[in-house]
Structures are given as structure tokens and as C-alpha cells.
Amino acid sequence: MAETQTEQAQRPQTEFTQALGLFDSVMIVAGIMVGSGIFIVSAEIARQVGSPGWLLVAWGIAGLLTIAGALCYGELAAMMPTAGGMYVYLREAFSPLLGFLYGWTLLTVIQTGTIAAVAIAFARFSGILFPNIAEDHYLVAPVHLLRGYAFSLSTAQALALAVILLLTIVNSCGVHWGKLIQNIFTVAKLTGIVALLTLGAFALLRHPHVFQINFASPWHPLATTRIHGLDVATAFGMLVALCVSQTGALFSADSWHDITFVAGEVKNPKRNLPLALGIGTSMVIVLYLLCNLCYLAVLPFSHIQTAPDDRVATLVVDTVIPGIGKVAMGLLIMVSTFGTVNALTLAGGRACYAMAQDGLFFRRGGILNRACVPGWALALQCLWSMFLVLPRTYDRATGQYGNLYSNLLDYVISAALLFYILTVAGLFRLRRTRPDAARPYRCWGYPWLPMFYIAGASIVLAVLFTYRTTTTWPGLIIVISGVPVYLLLRHRKGITRDDV
């Protein structure tokens, strides 16, 4: 008798090499969360909410949602410790279609677009040390194919392509190599953040008046970016501002769940996955809050709002030790983004592997290579990520070039949050439909913690769909575009209507 999809989900992934211990898993969670966002996005959030106290509240909301989500995912990860993560959870809790739509969006935009974006961030900050590396230093000048869009190859794009290719090759050689790079670079970036916090503490001791001035009126909004004409001095205006600010804050703390993609390679996954999710997310969120306190200890709030190119951390270092901020933070962000690209690369191919095992992806994507990793899926992820580096958006009014993946990521942030809400809702459904299933870890605070996550994330999502329509509704179109692809694959595989 053929195995059901549920039996497949519970079957041990003996083909994978279980090489990731608890420390390795925590390093993947922390390393994939910390990219360049924490060093930059506080400037935009500060402009949106307008005061030091509300800046910390914005980051606190993102932290609470992230940790709550991680604790909820811990139960699902311990219950189904197989490769695929959210794809598997959505498939088992609701339907193969919903799981596929997440996997489709992950492959086409979320994972690959993030890999492209972070690789470009690495290249941009490399330009601080090597001025010839820049997005306007072209090897192939922009070629305009469509109105408002072009293809180009700059030195920055070339370096990003090289980073993506290099890390794909390394991870194709086995999970041992991927985890080695991850551990080294995550420890290095966390050490760098601690050094930044030390500078902040030093500045606070020498010049406490900056911190005192910032918190003399912590809740009184200063200059802000008005959102659809709303005044953040009103309760409703501040609610909208806090929700909109989550676009930057949550994205800076995103991808924490990627460790579940490699569940088949984690030692004692029923114990280590929930622990890694809880420890990793909590550690990063604490560091993020401390970083913002560091910014407020060194810089007047107005300086945070107007930091050049939004590089708040660079301005902090330059204020404490003049002249080295740009280079020091450039090096730290290079280390940070390189490690993040590695973690994203390592994790993403496993979701494609799980889809291929169900016949919803190229068959070769479900085959492991000699190093016991899904080499073909990694290669496809690499090629699409590299492709996303090349297209440029073009503003005819200003003559400025942007990056297509930036638009795509803006579009799918809300869609990704929707999938998170559905996954946590799946916790309730699985408790009801499979009450006797083994649950080595049960979500702490159930049912209140999952309810808190769903309620909080839903409020944020509703505000984004109302006040950020140009960057939210297109995300649903990207998701829905996977429906005809699924129906085609279902027809070819001969899946019945009951399996949708």
C-alpha cells in the first residue's frame, strides 16, 4: 500500500546526515536573522514613530511576535522533524495546495529574492574598502528591455553573483561545510555587535546627557513621516505607524524559521529544534533592543532620524571614535551578510527537496547528491537567485536605477506574514485533528501564546493591507500565481480533488 503524505512526513529522513547539533542550530537561527537591517532600519522606524520610547516599542512588538512565533513553531518542528519546514506544516495542517503556495512563493521570491538582496548588501559595503565595487560601475551598462526595467552587470552585481555561486558550491559539498562557515561567521557577527554595544556603554558613561535628553520626553513625537495624512500624535495614528514600522523591524528579524527546513539534518531534532528556535530568536531580539538603546545613548533622536543613508550604527561608531565608523561597520556588515547568505542558501534547497518528494517540484530536486544534500535543488535556487541580481528598475523622472528584487521583497513581506499566521493557526487545527500524535514539545502558553501571535500579526497585516496597498496586494498576486502551476502539477501526478 502506498504511503500517505502524513506517513511520509513522519518517516525519518535517514538519507540526510544528521550533523547539526544544538549549537549549530542556534547559530543558523541567529545567523540568518542578523543581516544588515538592525544597523540601518532604525532610522526609518524613528521617522515613522517619531520618538525614542515608541522606537523601542516598535522593536519590542517585533521581538514579541518573533519569539511567540518561534515557540509555536517549536511544537510543529518537534512533531514533524523532517526536511521542508513550513511547507510540511501547512500541507499537514490544511492542504497540499496551501503548502505548495508557500513553497512556490518561497522559491520564486522570498528565499531567492532575500539571497539576492543580502548578497548585494555584502557587495555594497565591500565598496567601502574597494571603491571600484559599486552599483554604478558597470561591466555591462543597463540594457532597457521594458519600460521602467533594464538589465545590467555592475561590479557590485558581479561580486554578489560570485558570493551566491561560491556559497552554493560550498553547501553542495555537504552540510558539514555549510555549518562550519555558519558557525564562524555567526560568532564573528555577534562579537561585532557586542563590540558596538560596548562602545555605546562607554559613550553613556562619558556623556550621559544624550540619553537623558532623548528620554526627557520619550513619548512625544518629533518630526515624522506622515502616513496617509494620519498624525502619529493621535492614538490611531500611532497604532498605524507602529504597524507600518513592522515592515522593517520584522524583516530585520525574519527567516528565523529556516532551521526547520533542515530538520532532517539536526541531531535529536525533537529536542534541539524547539530549543534552537527559542534560544536563537530570544538572543537576537535582546541584542536588537540593546542596539537601539545604544543608538539612543550616543545620538540625539533627530540624528537617528537623519542618519546619512540611514546608516545609524556607522554614525554611532564615528561619534564615539571619529573616522573609523564607515570602515568598521562596513567590515561588520560584510561579515554579517556573508553569513546570512550562507544560512539562506543552506536552508532553502531543503524546501524544494520536500516539494519534489511530493511530486510538486522537478523530480531531480528530491534526490540527494553524494554529499547527502539536495544538490540539484541548491543549484536551481542558485541560478534563480543570481538571475534576480541582474534586473534593474528605472525611474524615468529621476534617471535612477533600483533593484527588481527590492520591489519583489516589498510585495511579499505581507504575504509571508500571512503564511506565518496560517502556520500558527495550524497548531490549533493539528491539536484537534491529530490529538494523539507524538508531541515531544508542547507550545508554552498554549492556547494564549498562539492566540496572541495570530491577533498581533493579524492587526499588523490588516493595517499594511489598508495603508500600504502598493506593496501588499501585489504580494497576493504572486502567491495566487502558484495556483495554476499547482493544478498543472496535480493533473500530471493524478492527484484527486480530495487531495487539494
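Residues numbered from 1 in each chain as written. Predicted model: local features only at pLDDT ≥ 70, side-chain atom pairs only at ≥ 80, totals over all residues. Heavy atoms only, no water.

Some remarks on empty space enclosed by the protein
Take a probe with the size of a water molecule and roll it over the atoms, and the empty space left behind shows itself.
At step 1: For the coordinates displayed, the defined rule picks out three cavities of 30 Å³ or more.
At step 2: Size it by volume and the largest cavity reaches roughly 250 Å³.
At step 3: Surrounding the largest cavity, 22 residues form its lining, Leu250, Phe251, Asp254, Ile413 and Tyr420 being those nearest its centre.
At step 4: For the lining of the largest cavity, the secondary-structure elements that each account for two or more residues are α4 (52-79), α6 (96-129), α10 (235-252), α16 (404-433) and α17 (448-467).
At step 5: Split by residue class, the lining of the largest cavity holds 15 nonpolar, six polar and one charged. (1 Å grid on protein atoms, 1.4 Å probe; cavity = no way out; pocket = protein on both sides within 12 Å on 5 of 7 lines; lining within 4 Å. Points joined across faces, edges and corners; volume = space filled by probe spheres on them. Helix = DSSP H or I, 4+ residues; strand = E, 2+ residues; numbered from the N terminus. Nonpolar A, V, L, I, M, F, W, Y, C, P; charged D, E, K, R; others polar.)

Overview of the confidence of the model for the protein
At step 1: Scored by pLDDT, the protein has a mean of 89; 94% of the residues are at 70 or more.
At step 2: Counted against residues more than four places away or in other chains, residues 6-14, with its pLDDT under 50, gives 18 contacts.
At step 3: Here residues 495-500 is a poorly scored stretch, pLDDT under 50, and it has eleven contacts once near neighbours within four places are set aside; other chains count. (pLDDT = per-residue confidence, 0-100. Contact = heavy atoms within 4.5 Å.)

So, the pairing of strand β3 (residues 391-395)
Walk down a regular strand and you will see the side chains alternate between the two sheet faces.
At step 1: Strand direction decides the pairing type here: strand β2 (residues 149-154) and β3, joined by three bridges, are antiparallel. When the bridges of β3 are listed, Phe151 appears paired with Pro391.
At step 2: Pairing of β3 with strand β4 (residues 400-401) involves two bridges; the strand directions are antiparallel. When the bridges of β4 are listed, Asp395 appears paired with Gln400.
At step 3: Here β3 folds back onto β4, and the loop between the two strands holds four residues, one of which, Gly399, carries a positive phi near 75°. (Pairing = 2+ DSSP bridges.)

Some points on the packing of helix α8 (residues 175-206) against helix α11 (residues 269-298)
At step 1: At their nearest, the axes of α8 and α11 sit 9 Å apart, and the two run at 35° to each other. Here α8 runs over α11; the crossing is left-handed. Residues Leu190, Ile193, Leu196, Leu197, Gly200, Ala203 and Leu204 of α8 form the contact with α11, whose own contacting residues are Met283, Leu287, Leu290, Cys291, Cys294, Tyr295, Ala297 and Val298.
At step 2: Residues of the contact of α8 with α11, tallied by class, amount to 14 nonpolar, one polar and no charged. (Axes fitted to C-alpha atoms, helices over the stretch in contact; angles between N-to-C directions. Left-handed = near helix turned anticlockwise from the far one by under 90°.)

Focus: the nonpolar core
At step 1: Core analysis: the largest hydrophobic core is formed by 159 residues, its most contacted members being Phe39, Tyr102, Leu196, Tyr295 and Tyr453.
At step 2: No other element matches the 18 residues that α6 contributes to this core.
At step 3: With residues near it in sequence (within four places) discarded, Tyr453 still touches Leu65, Ala68, Gly69, Leu417, Tyr420, Ile421, Val424 and Ser458. (Core = buried A, V, L, I, M, F, W, Y, C linked by side-chain atoms within 4.5 Å. Buried < 20%, exposed > 50% of the residue type's maximum accessible area, 1.4 Å probe, protein only.)

Observations regarding a nonpolar patch on the surface
At step 1: A contiguous nonpolar patch, built from Leu139, Val140, Val143, Leu145, Leu146 and Tyr149 and spanning about 580 Å² of accessible area, is present on the exposed surface.
At step 2: Sorting elements by how many residues they give to the nonpolar patch places strand β1 (residues 138-146) first, with five residues.
At step 3: Within the secondary structure, Leu145 sits in strand β1.
At step 4: Classification of Leu145 by relative accessible area gives exposed; the value is 57%. (Patch = residues over 30% accessible without salt bridge, like charges linked within 9 Å, V, L, I, M, F, W, Y side chains within 5 Å. Areas by Shrake-Rupley, 256 points an atom, 1.4 Å probe, with all protein chains shown as cover. Salt bridge = Lys/Arg side-chain N within 4 Å of Asp/Glu carboxyl O.)

Some details on the sheet that holds β3
At step 1: Pairing is antiparallel in the open sheet, where four strands are placed in the order β1-β2-β3-β4. Two strands lie at the open edges of the sheet, namely β1 and β4, each paired on one side alone.
At step 2: Contacts from helix α7 (residues 155-172) reach β1, β2 and β3 within the one sheet, and its direction differs from that of β2 by about 75°.

Observations regarding the pattern of salt bridges
At step 1: Throughout the structure, instances matching the rule amount to ten salt bridges.
At step 2: Close ionic contact of Glu75 with Arg439 constitutes a salt bridge, the shortest N to O distance being 3.2 Å. Here Glu75, found in helix α4, pairs with Arg439, found in the loop between α16 and α17; they are 364 residues apart in sequence, far enough to count as distant. For the pair Glu75 and Arg439, one class covers both residues: buried.
At step 3: What you see here is one network of salt bridges that share partners, running through Arg91, Glu92, Asp358 and Arg434.

Focus: the state of the cysteines
Where two cysteines share a covalent bond between their sulfur atoms, that bond is called a disulfide.
At step 1: Applying the stated criterion to the full structure yields zero disulfides.
At step 2: The thiol of Cys72 is not disulfide-bonded; the next cysteine sulfur, from Cys443, is found 3.9 Å away.
At step 3: Looking at Cys173, it has no disulfide partner, and the nearest cysteine sulfur is the one in Cys372, 13 Å off.
At step 4: For Cys173, a relative accessible area of 48% gives the class partly exposed. (Disulfide = S-S within 2.5 Å.)

Details of the environment of Phe39
At step 1: Relative to the elements of secondary structure, Phe39 occurs in the loop between α2 (22-33) and α3 (42-49).
At step 2: A relative accessible area of 1% places Phe39 in the buried class.
At step 3: For Phe39, the contacting residues outside a window of four places in its chain are Ile193, Leu196, Tyr295, Asp310, Arg311, Val312, Ala313, Met329, Leu332, Ile333 and Ser336.

Observations regarding unusual backbone geometry
At step 1: The linkage connecting Tyr446 with the following residue, Pro447, adopts the cis geometry, with an omega of 5°.
At step 2: Locating Pro447 in the fold gives a position in the loop between α16 and α17.
At step 3: Even without glycine at this site, Cys372 takes up a positive phi of about 65°.
At step 4: Tracing the chain through its elements places Cys372 in the loop between α14 (325-357) and α15 (375-389).

Section: α2
At step 1: For α2, which comprises twelve residues, the first-to-last C-alpha distance of 17 Å matches the rise-based estimate of 16 Å (1.5 Å per residue) to within 8%.
At step 2: Burial analysis of α2 places ten of its twelve residues in the buried class, which makes it a mostly covered element.
At step 3: Its buried side turned inward, α2 meets α4, α8, α10, α11 and α14. (Expected span 1.5 Å × (residues − 1).)

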